[in-house]
Amino acid sequence: MPLPYIRLEREWVPSFDVYPFSLPAVRGLQTMPLHPAVTFLAGENGSGKSTLLEAAAIALGLNAEGGGRNIRFVTRPSHSVLHGYLDLGLEGRRPPDGFFLRAESFFNLATEVERLDRAKAFGGALAKAYGDRPLHEMSHGEAFLALFENRMSRPGVYFLDEPEAALSPARQLSLLGLVHRMVARGSQLVVATHSPLLLAYPHAWIYALGAEGIVRTPYERTEAYRVTSEFLAHRGRVLDALLAAADA
Ligand SMILES: Nc1ncnc2c1ncn2[C@@H]1O[C@H](COP(=O)(O)OP(=O)(O)OP(=O)(O)O)[C@@H](O)[C@H]1O
Ligand SMILES: [Mg+2]
């Protein structure tokens, strides 16, 4: 049974004038229905995608810096209090298995997996769940895909923050295939992304976060799609305008 929605318990919010409640995306948040397969959070830098994604992950009982329920590490606490004000519609049901992946702290997650195995926590076998080779001995992108192919095969709710960050365009398309396989196995994903390739996944809803709050948006209307397709279709013209503006 997937998570049905992310709802802000507005009546408990102390003030909409302070972060994180002051962000337009949070200020306007009521109930955001989640697609049973994939829900994308799109929008400009600073629009609040990570804030919302991280809060939902913590509300599900996951570590703020990434990982599943077995992972509990903190390098620098930076999460907001938003998680305490979110209702994920579980209504007393046992939370499903989950995993939170944020690009920024992936290195710390890999370090923590190695530390737990050295300490023989979980029988020293945690790293095996992440693939045959130690995460630190792979390139950033290789380790990312190993994580998807191995640890993410179990059905669960996956919160991914910019999973494209380490991946070449071709590997982003591989990731699309892996996402589809996860969905086929019963997983639900909530993904913050700037990638016009990932956003093309068809079994998904896209929410654009911005000054108007959170607005469900067709693929072709997302900024990621519009800017990229405009650039590729009219590269010379766009470059001329950009460089002229920079020279001015
Ligand atoms: N602890 C904090 N206190 C005050 N403001 C913060 C704090 N953390 C983040 N912000 C602000 O909240 C806004 C939303 O940040 P967030 O990281 O959620 O954006 P984002 O949509 O994920 O951006 P990006 O695409 O760059 O990852 C930003 O303007 C950021 O500066
Ligand atoms: Mg972010």
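Our subject is the structure that appears above.
Computed from a predicted model, the values in this text were never measured in an experiment. (Residues numbered from 1 in each chain as written. Chains lettered and ligands numbered in written order. Predicted model: local features only at pLDDT ≥ 70, side-chain atom pairs only at ≥ 80, totals over all residues.)

Caption draft 1: Broad picture of the pairing of strand β5 (residues 98–102). Counting buried positions over the five residues of β5 gives five, a clear majority of the element. Burial of the side chains of β5 extends over both faces: G98, F100 and R102 are buried on one face and F99 and L101 on the other. Note that β5 and strand β6 (residues 157–161) share five bridges and pair parallel. From the neighbouring strand, F99 faces β6, where its bridge partner is Y158. (Buried ≥ 20, exposed ≤ 12 C-beta atoms within 10 Å, placed from the backbone. Helix = DSSP H or I, 4+ residues; strand = E, 2+ residues; numbered from the N terminus. Pairing = 2+ DSSP bridges.)

Caption draft 2: Representation of the pairing of strand β1 (residues 5–8) in the model. Only one face of β1 is buried, namely the one carrying I6 and L8, since none of Y5 and R7 on the opposite face is buried. One ladder, built from three bridges, connects β1 with strand β2 (residues 31–33); its direction is antiparallel. Considered in β2, the bridge of Y5 is made with P33. With two bridges connecting them, β1 and strand β4 (residues 86–87) associate as antiparallel partners. Along β4, the bridge assignment pairs L8 with L86.

Caption draft 3: Broad picture of the sheet that holds β2. Sheet architecture is open: three strands sit in the order β2-β1-β4, paired in antiparallel fashion. Only two strands of the sheet have a single partner each, and these edge strands are β2 and β4.

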